[in-house]
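Observations on the three-dimensional arrangement
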Amino acid sequence: MRYTPKDIEASSRKITRRGLILGGVQVGFMSVLALRMRHMQVDQADQYRLLAEENRINLRLLPPSRGLIFDRNGRPLATNEQNYRIVVVREDAGDVDEALARIAHFVPMSDDDMERAKREILRRSPFVPVTIADRLTWDEVAEVAVNAPALPGVTPEVGQSRAYPLSEDFAHIIGYVGPVSDYDLSKLEDPDPLLQIPRFQIGKNGVEARLEEQLRGSAGTKRIEVNAVGRVIRELDRTPGQAGANVQLTIDHGLQNFMRARLGAESAGAVVMDVKNGDLLGIASAPSFDPNKFVRGISVADYRELTENPYRPLANKTVQGTYPPGSTFKMVTALAALEEGVIGPDETVYCPGFVEKGGRRFHCWRRGGHGNVDLVKSLEQSCDVYYYEIAERVGIDKIAAMARRLGLGERHDVPLPAVASGLAPDKAWKRETRGADWVVGDTLNASIGQGFVLASPLQIAVMTARIASGRAVAPRLVKSIDGIEQAAAPAEALDISPTNLEHIRQGMFAVSNNRRGTAYRTRVVDDAMRLAGKTGTSQVRNITAAERAQGVFRNEDLPWERRDHALFVAFAPYDAPEIAVSVVVEHGGGGSTAAAPIARDIALRALYGEVPPLSAYPSDQRGQIQALFRDLPLIDVTPTPTGRTRA
């Protein structure tokens, strides 16, 4: 088919028209694009520049200094010390094995340390600094710094680490810190971002754990410039965090050191409490442990040694341990009977050495009995039969109510973990927990602090303080936070007759000062410092009829774990009470022989403010006491002012 000139001309006109339309569309599109670009680059330039800056600059948290902990006299108990450490950036260091081998020439590292460091380095991004050694000496870190050209990617740094200068003396009170674990985070609904910082440490036990939020402080920040993959280019600026609050405890470090030293190798707990305001002046649990090992990372061998020790050094026996209070509970039973009017202080009960109830014989500790005893004599000689008799008259519910009034069976509010509530049982408790009715034998056992009754050394110290003061004093451990005094709980007068309380105090005085008193040998001869106390021995095994017939085994003839617990409580001075003391020696045998001598020494140390003078002791005991004190591992302390002069 042939095209004529006329056809060709018509076709050209069509192409030109289409081109114009397409060109117009393109021009329009380019115009819109240009306007949009102008809008973004000129009109919105500041906004997009800010977005770009925010993508390029990161904020990182800076851990704050942890608050310090002091004793009542300002002695530091938990401090922060400089921690020299070595960090490695893998991408700069090159081959990990070679880098670690080079570092090992200057820093002591075991094969386990190197393997652990290698795992940590390989699990992190190559540009993230990883700590491979810490707690280095200045000489070690200086040697690394001098050899920096031969150690690419290796940098010495200075940080902070927790330290406990009095270590074992305060381990059960202060506790320790450790790295945040997944378990720690799982317990928090809205965890502090600080807890996400690698190797950030928080309180794991003791006051460190219970006052974690106050001690931790708040984070600071630093602005850093990073590249597209998150690598740090430079630091732009930083804002320091707010240090944690400083905490002052009511504990006296000199007394605490003496208490722990005096408990020695025993498995025991002791408490000293101010009877006027409830301040806890000393809380010692033995044996103890070094909390610094936990901060640094305790070895498997050291941890196994602690957990497998039958004396349980990790447990704070003063608040976590609960024991049958034995005869120290007799003051509770006596007060319940006096308050209910079922017996008077001068009324006597005959003790032949046992009573029979419900076809069962309940024995007194003295096989031949005590004869006729009144209230004071029953405490002085710790006659069990007297308390069997008055307990049956007054009933367990009244006894349990009195126990709670004196602070037993109550979980006291002190900032320590696992504070036990003990047990002051009654009829309702047994029905609810045992599904059985209370029987008379339960009452008789409870009357002398056996059976279901349980109490901690802290609780029996509170009981003693309330008897001494006649007020509902409550224990206080924290004196101030950041200089702000923490008010003690108001100590209202007990709803107990002052006359009846005085009868109990007289009985306790007889225990420690009358010749037939069970603690007479541990008396104080300084009249201004005389103790009023009560011995206690709680059985941990049943004594069969056959054993009684043949003669009860002596504690020293039994394996340690089958021996009786030894207890002693006291307040002093008798004429103007200032302190209450409780001591429990696990499987120590008799309270008069194992616990009372320790309690006397602790009480005198608290009253004098220094190692007690020999003149406070009976003359025939001074040589033994002098030798004992000479061998105690005591720290040098400035005597605590007490307003007293040595006798």
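**So, the overall build of the protein**
Helices and strands together make up the secondary structure of the protein, namely 24 helices and 21 strands. Considering the protein as a whole, with its 647 residues, one finds that 47% of them fall into the buried category. A total of about 31500 Å² of accessible surface is found on the protein, and carbon and sulfur atoms cover 50% of it.

**As for the pattern of salt bridges**
Overall, the coordinates contain 28 salt bridges when judged by the stated rule. R216 is paired through a salt bridge with E212; the nearest N and O atoms lie 2.8 Å apart. Remark: E212 and R216 occur in helix α10 (residues 212-216); sequence separation between them is 4 residues, near one turn of the helix. On the accessibility criterion, E212 (8% relative accessible area) is buried. For R505, the salt bridge goes to E502, with nearest N and O atoms at 3.0 Å. With R505 and E502 both in helix α21 (residues 498-513) and 3 residues apart, the pair spans about one turn of that helix. Here the salt bridges share partners, and the residues they tie into one network are R66, R162, D192, E208, E212 and R216.

**As for the packing of aromatic side chains**
All chains considered together, the criterion is met by 13 aromatic pairs. On the numbers, 6.1 Å between centres and 70° between planes, the contact of Y617 with F629 is edge-to-face. With a gap of 12 residues between them, Y617 in the loop between α23 (591-608) and α24 (622-631) and F629 in helix α24 connect regions that are remote in the sequence. Each of the two residues, Y617 as well as F629, counts as buried. Here a set of aromatic residues connected by ring pairs shows up, and it is made of Y176, F289, F294 and Y303. Looking at R361, its charged tip hangs above the ring of F354, at a distance of 3.7 Å from the centre. For R523, the ring lying beneath its charged end belongs to Y520, and the centroid distance is 4.1 Å.

**Regarding the packing of helix α4 (residues 96-104) against helix α5 (residues 111-123)**
Interhelical geometry of α4 versus α5 gives an angle of 135° and a closest axis separation of 11 Å. The orientation of α4 relative to α5 falls into the category oblique. The chirality of how α4 crosses α5 is right-handed. Here V96, D97, L100, A101 and A104 of α4 lie close against α5, whose contacting residues are M114, A117, K118, I121 and L122.

**A word on the confidence of the model for the protein**
Any region with low pLDDT has predicted coordinates that should not be read closely. Residues at a pLDDT of 70 or more form 87% of the protein, whose mean pLDDT is 88. For residues 642-647, every residue scores under 50 in pLDDT, and the model assigns this stretch 18 contacts once sequence neighbours within four places are set aside.

**Some thoughts on the side chain of S288**
Looking at where S288 falls in the secondary structure, it is placed in the loop between β12 (280-286) and α12 (292-296). Given the relative accessible area of 13%, S288 is considered buried. A polar contact of 2.7 Å, which involves the side chain of S288, links it to the backbone oxygen of E168. Here S288 is in contact with E168, A171, H172, R260 and P313, once residues within four sequence places are set aside.

**Points about the pairing of strand β15 (residues 360-363)**
Where strand β14 (residues 354-357) meets β15, 4 bridges bridge the pair, whose relative direction is antiparallel. Considered in β15, the bridge of K357 is made with R360.

**Points about the environment of N372**
Mapped onto the fold, N372 is located in strand β16 (residues 371-373). Apart from residues lying up to four places away in sequence, N372 is in contact with T348, V349, Y350 and K377.

**Regarding the packing of helix α20 (residues 457-469) against α21**
Taken N-terminus to C-terminus, the directions of α20 and α21 make an angle of 115°; their axes are 9 Å apart at the nearest point. Between α20 and α21, the residues in contact are T464, I467, A468 and S469 and L501, I504, R505 and M508, respectively. For the contact of α20 with α21, the per-class residue count stands at 5 nonpolar, 2 polar and 1 charged.

**Observations concerning the nonpolar core**
Core analysis: the largest hydrophobic core is formed by 139 residues, its most contacted members being L249, I504 and I602. Among the elements that make up this core, the one with the highest residue count is α23 (11 residues). When near neighbours in sequence (up to four residues on either side) are disregarded, I504 contacts M331, A334, L335, L338, L375, L379 and I467. By size, the runner-up hydrophobic cluster in this structure holds 22 residues, among which are V107, I121, I132 and V141.

**Topic: a nonpolar patch on the surface**
On the surface, F29, M30, L33 and M37 cluster together to form a nonpolar patch covering roughly 410 Å² of accessible area. Positionally, M37 belongs in helix α1 (residues 5-43). Judged by relative accessible area, which is 39%, M37 ranks as partly exposed.

**Quick look at the sheet that holds strand β19 (residues 532-538)**
The sheet built from 5 strands is open, its strands ordered β12-β11-β21-β20-β19 with antiparallel pairing. Either end of the sheet is taken by a strand with one partner, and the two such strands are β12 and β19. Pairs of neighbouring strands in the sheet enclose a mean axial angle of 5°, with direction left out of account. Bridge analysis of strand β11 (residues 268-274) against β12 gives 6 bridges, and the strand direction is antiparallel. Of the residues in β12, the one forming a bridge with V272 is G282. Running over the sheet, helix α11 (residues 253-263) touches β11 and β12 and is turned about 30° from β12. Contacts from α20 reach β11, β12, β20 (565-572) and β21 (579-585) within the one sheet, and its direction differs from that of β21 by about 150°.

Rules of the game
Residues numbered from 1 in each chain as written. Predicted model: local features only at pLDDT ≥ 70, side-chain atom pairs only at ≥ 80, totals over all residues. Heavy atoms only, no water. Helix = DSSP H or I, 4+ residues; strand = E, 2+ residues; numbered from the N terminus. Buried < 20%, exposed > 50% of the residue type's maximum accessible area, 1.4 Å probe, protein only. Areas by Shrake-Rupley, 256 points an atom, 1.4 Å probe, with all protein chains shown as cover. Salt bridge = Lys/Arg side-chain N within 4 Å of Asp/Glu carboxyl O. Phe/Tyr/Trp six-rings, centres within 6.5 Å; stacked < 30°, edge-to-face > 60°. Lys NZ or Arg CZ within 6 Å of the ring centre and 35° of its normal. Axes fitted to C-alpha atoms, helices over the stretch in contact; angles between N-to-C directions. Parallel < 35°, antiparallel > 145°, perpendicular 65-115°, else oblique. Left-handed = near helix turned anticlockwise from the far one by under 90°. Contact = heavy atoms within 4.5 Å. pLDDT = per-residue confidence, 0-100. Polar contact = N/O pair within 3.5 Å; in protein donor to acceptor, adjacent residues only side chain to side chain. Pairing = 2+ DSSP bridges. Nonpolar A, V, L, I, M, F, W, Y, C, P; charged D, E, K, R; others polar. Core = buried A, V, L, I, M, F, W, Y, C linked by side-chain atoms within 4.5 Å. Patch = residues over 30% accessible without salt bridge, like charges linked within 9 Å, V, L, I, M, F, W, Y side chains within 5 Å.

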